Amino acid sequence: MPTKKPSATKDTFEQHYFEKVYDVTRLIPRGKVSTYGAIADFLGLGSARMVGWALNHCHHAEDHVPAHRVVNRLGELSGRLHFATPDLMQKRLEDENIIVVNNKISNMASVFWHPRELENY
DNA sequence: GACCTGACGCCCC
DNA sequence: AGGGGCGCCAGGT
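For clarity, every value in this text was computed on a predicted model and none was experimentally measured.

Enquirer: Can you walk me through the protein's contact with DNA strand B in this structure?
Expert: Near DNA strand B there are 15 residues, and of these Y36, G37, R49, R73 and H82 occur at the shortest range. When the atoms of DNA strand B within 4 Å of the protein are sorted by group, sugar and phosphate make up 50%. One of the side-chain N or O atoms of S78 is found 3.1 Å from a phosphate oxygen in DNA strand B. Among the secondary structure elements, those contributing two or more residues to the surface near DNA strand B are α2 (36-43) and α3 (48-56). Ranked by residues supplied to the surface near DNA strand B, first place goes to α3 with five residues.

Below, the structure written as C-alpha coordinates:
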(Lines give C-alpha, C1' and ligand atoms only; values in the text may rest on other atoms or scores of the structure.)
Protein backbone atom coordinates (compact mmCIF):
# COMPACT_ATOMS: atom_id res chain seq x y z
CA MET A 1 0.00 0.00 0.00
CA PRO A 2 1.35 3.42 -0.88
CA THR A 3 1.66 5.62 2.17
CA LYS A 4 0.47 8.58 0.19
CA LYS A 5 -2.44 8.88 -2.19
CA PRO A 6 -1.57 9.84 -5.73
CA SER A 7 -2.44 13.45 -6.30
CA ALA A 8 -4.63 12.45 -9.24
CA THR A 9 -7.01 10.77 -6.80
CA LYS A 10 -7.33 13.86 -4.73
CA ASP A 11 -7.81 16.02 -7.79
CA THR A 12 -10.60 13.87 -9.14
CA PHE A 13 -12.27 13.77 -5.74
CA GLU A 14 -12.26 17.54 -5.57
CA GLN A 15 -13.54 17.74 -9.10
CA HIS A 16 -16.25 15.37 -8.03
CA TYR A 17 -17.60 17.21 -5.04
CA PHE A 18 -17.13 20.62 -6.60
CA GLU A 19 -19.41 19.49 -9.40
CA LYS A 20 -21.90 18.07 -6.92
CA VAL A 21 -22.08 21.39 -5.14
CA TYR A 22 -22.50 23.19 -8.45
CA ASP A 23 -25.23 20.78 -9.56
CA VAL A 24 -27.26 21.22 -6.38
CA THR A 25 -26.81 24.98 -6.54
CA ARG A 26 -28.11 25.00 -10.11
CA LEU A 27 -31.27 23.26 -8.88
CA ILE A 28 -32.21 26.04 -6.45
CA PRO A 29 -35.41 27.49 -7.94
CA ARG A 30 -35.44 31.10 -9.07
CA GLY A 31 -36.71 33.30 -6.24
CA LYS A 32 -35.50 30.86 -3.59
CA VAL A 33 -32.23 30.50 -1.68
CA SER A 34 -30.48 27.68 0.12
CA THR A 35 -27.68 27.62 2.69
CA TYR A 36 -24.13 26.28 2.88
CA GLY A 37 -25.15 23.94 5.68
CA ALA A 38 -28.21 22.56 3.89
CA ILE A 39 -26.16 21.74 0.81
CA ALA A 40 -23.39 20.20 2.91
CA ASP A 41 -25.92 18.04 4.77
CA PHE A 42 -27.60 16.96 1.57
CA LEU A 43 -24.31 15.95 -0.07
CA GLY A 44 -22.90 14.38 3.10
CA LEU A 45 -19.92 16.71 3.16
CA GLY A 46 -18.29 16.99 6.54
CA SER A 47 -18.45 20.72 6.70
CA ALA A 48 -20.43 23.66 5.38
CA ARG A 49 -17.11 25.38 4.79
CA MET A 50 -16.46 22.99 1.90
CA VAL A 51 -19.53 24.37 0.14
CA GLY A 52 -18.14 27.87 0.48
CA TRP A 53 -14.77 26.62 -0.68
CA ALA A 54 -16.32 25.05 -3.79
CA LEU A 55 -18.40 28.12 -4.59
CA ASN A 56 -15.32 30.27 -4.22
CA HIS A 57 -14.01 28.50 -7.32
CA CYS A 58 -17.28 28.32 -9.22
CA HIS A 59 -16.20 30.85 -11.82
CA HIS A 60 -14.05 28.04 -13.25
CA ALA A 61 -17.18 25.96 -13.87
CA GLU A 62 -18.22 25.15 -17.41
CA ASP A 63 -21.83 26.23 -16.95
CA HIS A 64 -23.15 29.11 -14.92
CA VAL A 65 -23.65 28.53 -11.20
CA PRO A 66 -26.27 30.76 -9.50
CA ALA A 67 -24.08 31.21 -6.44
CA HIS A 68 -26.06 34.27 -5.34
CA ARG A 69 -28.79 31.84 -4.20
CA VAL A 70 -26.56 30.43 -1.44
CA VAL A 71 -26.43 32.35 1.84
CA ASN A 72 -25.55 31.47 5.40
CA ARG A 73 -28.10 30.01 7.77
CA LEU A 74 -29.18 33.46 9.01
CA GLY A 75 -29.86 34.65 5.49
CA GLU A 76 -26.80 36.89 5.42
CA LEU A 77 -25.00 37.49 2.11
CA SER A 78 -21.71 36.28 3.52
CA GLY A 79 -20.24 35.64 0.08
CA ARG A 80 -21.06 38.98 -1.52
CA LEU A 81 -17.48 40.26 -1.58
CA HIS A 82 -16.50 37.39 -3.88
CA PHE A 83 -18.72 38.63 -6.69
CA ALA A 84 -17.49 40.96 -9.42
CA THR A 85 -18.78 43.95 -7.46
CA PRO A 86 -19.82 44.11 -3.78
CA ASP A 87 -23.46 44.80 -4.69
CA LEU A 88 -23.90 42.23 -7.44
CA MET A 89 -25.15 39.42 -5.18
CA GLN A 90 -27.84 41.67 -3.70
CA LYS A 91 -28.83 42.90 -7.15
CA ARG A 92 -29.22 39.36 -8.47
CA LEU A 93 -31.42 38.46 -5.50
CA GLU A 94 -33.52 41.60 -5.85
CA ASP A 95 -34.01 40.76 -9.53
CA GLU A 96 -35.71 37.61 -8.19
CA ASN A 97 -37.94 39.65 -5.87
CA ILE A 98 -35.99 38.72 -2.77
CA ILE A 99 -35.80 41.51 -0.22
CA VAL A 100 -32.34 42.30 1.12
CA VAL A 101 -31.71 44.78 3.93
CA ASN A 102 -28.26 45.37 5.37
CA ASN A 103 -26.80 42.41 3.44
CA LYS A 104 -29.41 40.13 4.93
CA ILE A 105 -32.52 38.51 3.49
CA SER A 106 -35.54 39.82 5.40
CA ASN A 107 -38.02 37.06 4.60
CA MET A 108 -35.59 34.17 4.91
CA ALA A 109 -38.17 31.71 6.23
CA SER A 110 -40.42 32.14 3.19
CA VAL A 111 -37.69 31.90 0.53
CA PHE A 112 -35.55 29.15 2.08
CA TRP A 113 -35.32 26.01 -0.01
CA HIS A 114 -33.71 22.76 1.16
CA PRO A 115 -32.32 20.35 -1.46
CA ARG A 116 -34.10 17.42 0.17
CA GLU A 117 -37.27 18.81 -1.41
CA LEU A 118 -35.93 17.28 -4.61
CA GLU A 119 -37.84 14.21 -5.67
CA ASN A 120 -35.30 12.28 -7.71
CA TYR A 121 -31.70 13.16 -7.26
C1' DG B 1 4.59 19.88 10.70
C1' DA B 2 2.52 23.83 13.26
C1' DC B 3 0.14 27.36 12.77
C1' DC B 4 -3.48 30.65 10.38
C1' DT B 5 -7.54 31.74 7.73
C1' DG B 6 -11.80 31.05 5.49
C1' DA B 7 -18.50 32.50 0.86
C1' DC B 8 -20.03 27.83 8.05
C1' DG B 9 -22.74 26.34 12.01
C1' DC B 10 -23.75 24.62 16.64
C1' DC B 11 -23.45 25.33 21.60
C1' DC B 12 -23.22 28.10 25.47
C1' DC B 13 -23.45 31.87 27.80
C1' DA C 1 -30.15 39.08 21.13
C1' DG C 2 -25.61 39.02 20.13
C1' DG C 3 -21.00 37.42 20.81
C1' DG C 4 -17.27 33.98 21.81
C1' DG C 5 -15.50 29.09 21.56
C1' DC C 6 -14.85 25.26 18.94
C1' DG C 7 -15.33 21.57 15.28
C1' DC C 8 -15.23 21.15 10.60
C1' DC C 9 -12.06 20.50 5.91
C1' DA C 10 -8.84 22.48 2.57
C1' DG C 11 -4.93 25.55 1.31
C1' DG C 12 -1.42 28.69 2.11
C1' DT C 13 2.85 30.07 4.65
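Enquirer: Hey, could you run me through the environment of V51 in this one?
Expert: Tracing the backbone through its elements, the reader meets V51 in helix α3. V51 gets classed as buried once you look at its relative accessible area, which sits at 0%. As for V51 and A38, which are separated by 13 residues in sequence, their C-alpha atoms are 9.6 Å apart. Once residues within four sequence positions are removed from consideration, V51 is found in contact with V21, Y36, I39, A40 and L45.

Enquirer: Sorry if this is basic, but what is going on with the packing of α2 against α3 here?
Expert: When two helices pack together, their arrangement is captured by the angle between the axes and the distance separating the axes. The interhelical angle for the contact between α2 and α3, taken along N-to-C directions, is 105°, at an axis separation of 7 Å. Taken together, the axes of α2 and α3 are roughly perpendicular relative to one another. Note on element contacts: α3 touches α2 through A48, V51, G52 and L55, opposite Y36, G37, I39 and A40. Split by residue class, the contact of α2 with α3 holds six nonpolar, two polar and no charged.

Enquirer: How should the packing of aromatic side chains be read in this particular structure?
Expert: One pair of aromatic rings is described through two measures. These are the centre distance and the angle between the planes. One pass over the structure, following the stated rule, counts two aromatic pairs. Centroid distance Y17 to F18: 5.1 Å. Interplanar angle 75°. Geometry classified as edge-to-face. For Y17, a relative accessible area of 7% corresponds to the buried category. A relative accessible area of 13% places F18 in the buried class. Taking 6.2 Å as the distance between ring centres and 65° as the angle between the ring planes, the aromatic pair formed by F18 and Y22 counts as edge-to-face. With F18 and Y22 both in helix α1 (residues 7-26), this residue pair falls four residues apart, about one helical turn. Judged by relative accessible area, which is 3%, Y22 ranks as buried.

Parameters at a glance
- Residues numbered from 1 in each chain as written.
- Chains lettered and ligands numbered in written order.
- Predicted model: local features only at pLDDT ≥ 70, side-chain atom pairs only at ≥ 80, totals over all residues.
- Heavy atoms only, no water.
- Near = heavy atom within 4 Å.
- Polar contact = N/O pair within 3.5 Å; in protein donor to acceptor, adjacent residues only side chain to side chain.
- Helix = DSSP H or I, 4+ residues; strand = E, 2+ residues; numbered from the N terminus.
- Buried < 20%, exposed > 50% of the residue type's maximum accessible area, 1.4 Å probe, protein only.
- Contact = heavy atoms within 4.5 Å.
- Axes fitted to C-alpha atoms, helices over the stretch in contact; angles between N-to-C directions.
- Parallel < 35°, antiparallel > 145°, perpendicular 65-115°, else oblique.
- Nonpolar A, V, L, I, M, F, W, Y, C, P; charged D, E, K, R; others polar.
- Phe/Tyr/Trp six-rings, centres within 6.5 Å; stacked < 30°, edge-to-face > 60°.

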